[in-house]
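# Summary of structural features
Spelled out, the chains give:
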Amino acid sequence: MKKTATRLADGRELFYYDSRDDAVRDTVDQRPLQRPTTTGEIRHDPLLGDSVAIASHRQSRTYHPPPGQCPLCPSRDGRHTEIPAAAYEVVVFENRFPSFTGDHGRCEVVCFTDDHDASFAALDPGRAALVLAAWTDRTAELAALPGVEQVFCFENRGPETGVTLGHPHGQIYAYPFVTPRTERMLASAAAHRDRGGESNLFDHTVARERADGRRIVLESEHWTAFVPYAAHWPYEVHLYPRRRVPDLLALDDGARADFPHIYLEVLRRFDRIFDGREGGEGGTAGRPPTPYISAWHQAPFRHPQRHEFALHIEVFTVRRTAGKLKFLAGSESGMNVFINDVPPEAAARRLREVASA
């Protein structure tokens, strides 16, 4: 992999990731941009104990631009975008409208391909491996920034998840605090240990799913994918490396080489969930693709229980059946108590049914 660092016209950093060592990236951003002005702060909720980012400047971010005006496509035919090059493989750059910035963290955009009409599931294993390398590199770089406690790599796909740009892309958030969800997982792991648990809670959870087998979606030499016993979402898959590691930096070569194949298969199955007997809308024959959120969970960098955390990726769709979405209604939004209409065993069975031929 070759990494080339440059800056956009307003001073934001941009990084090209290329599979070829001889790639040349010397195109200059020709846009007449001013340095971005951000107005953000982080406020602490004394009752819930969590933090909220207040970022009013995001109200003016690009929202579903018309065809031909995508800011994530390459700069071609006289039209200048966020990526100065006329073609690229994988690009990461500072978000122009960040949720966190300065002393309050950092936000980056990850473009998986320069093909506007593609998707992560349509990538070949080599490109998926390059994205994994970019995620890993950015995790290492962001961890070194003052005040950053945790790095979160994720993809929102589909307007149903709130995406405002259709180009295949994800984001990376560098938080100045440990997120509430991670704190809860670490607290559960500590409670399990204090109760005399014979193994790490994450290891115990994966071992239990493998022993049960009903919710296993697929396995490989280095990874296990399953629908969790208490899945919150109608179709939700957790993907764990066989050897527990705290973050992307600690993955061994075998797990890195194996990841693109099993992850791409998971995403392709998500695109087929609602085909056939479910009535369509699974992303084939001109139907819209399945909306999903894909989220890497990594250990905080300086947390005393860092060694107990297990890197994993969670993929779930906000669609519960063909043409119907899973809304976070009263119980979920008001009390954070999820109600799932699809039994996890049924979801796993469906995801096994739609395996690639």
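Values in this document were obtained by computation on a predicted structure and should not be read as measured data.

Cut-offs used in this document
- Residues numbered from 1 in each chain as written.
- Predicted model: local features only at pLDDT ≥ 70, side-chain atom pairs only at ≥ 80, totals over all residues.
- Heavy atoms only, no water.
- Helix = DSSP H or I, 4+ residues; strand = E, 2+ residues; numbered from the N terminus.
- Buried < 20%, exposed > 50% of the residue type's maximum accessible area, 1.4 Å probe, protein only.
- Pairing = 2+ DSSP bridges.
- Axes fitted to C-alpha atoms, helices over the stretch in contact; angles between N-to-C directions.
- Contact = heavy atoms within 4.5 Å.
- Left-handed = near helix turned anticlockwise from the far one by under 90°.
- Phe/Tyr/Trp six-rings, centres within 6.5 Å; stacked < 30°, edge-to-face > 60°.
- Lys NZ or Arg CZ within 6 Å of the ring centre and 35° of its normal.

### Topic: the environment of T164
Here T164 is to be found in the loop between β7 (150–157) and β8 (169–175). Judged by relative accessible area, T164 falls into the buried class, the value being 15%. As for T164 and G11, which are separated by 153 residues in sequence, their C-alpha atoms are 24 Å apart.

### Here we look at the sheet that holds β8
Spatially, 11 strands are ordered β1-β2-β5-β6-β8-β7-β12-β13-β11-β10-β9 in an open sheet, and the strand pairing comes out antiparallel. Strand pairing shows two members of the sheet lacking a second neighbour, β1 (2–7) and β9 (216–219), which therefore form its edges. Each strand axis lies, on average, 20° off the axis of its neighbour in the sheet, ignoring direction. Bridging between strand β11 (residues 235–241) and strand β13 (residues 312–317) involves 5 bridges; their strand directions are antiparallel. The partner of H238 across the bridge, within β13, is E314. Together, β9 and β11 form the strand contacts of helix α6 (residues 344–353), whose direction differs from that of β9 by roughly 40°.

### Observations regarding the packing of helix α1 (residues 125–143) against helix α4 (residues 253–272)
Between α1 and α4, the least distance of the axes is 9 Å, while the angle of their chain directions is 115°. Between α1 and α4 lies a crossing of right-handed hand. Every residue of α4 that contacts α1 at P125, A128, A129, L132, W135 and T136 is listed here: R256, F259, P260, H261, Y263 and L264.

### A closer look at the packing of aromatic side chains
As enumerated under the stated definition, the model contains 22 aromatic pairs in all. An angle of 80° between the planes, with centres 5.3 Å apart, marks the rings of F120 and Y263 as edge-to-face. One end of the pair, F120, is in the loop between β6 (106–111) and α1; the other, Y263, is in helix α4, and 143 residues separate them in sequence. Residue F120 is classed as buried on the basis of its relative accessible area of 1%. Residues W233 and F316 carry aromatic rings whose centres are separated by 4.6 Å and whose planes lie at 15° to one another, so their mutual orientation is stacked. With W233 in the loop between β10 (223–226) and β11 and F316 in strand β13, this pair connects stretches of sequence that are 83 residues apart. Residue W233 is classed as buried on the basis of its relative accessible area of 12%. Through a chain of ring-to-ring contacts, the aromatic side chains of F112, F120, W135, W223, F259, Y263 and W296 assemble into a single cluster. Against the face of Y229 rests R208, its NZ or CZ located 5.5 Å from the ring centre.

In short, the description is geometric, and any link to function would need to be established separately.
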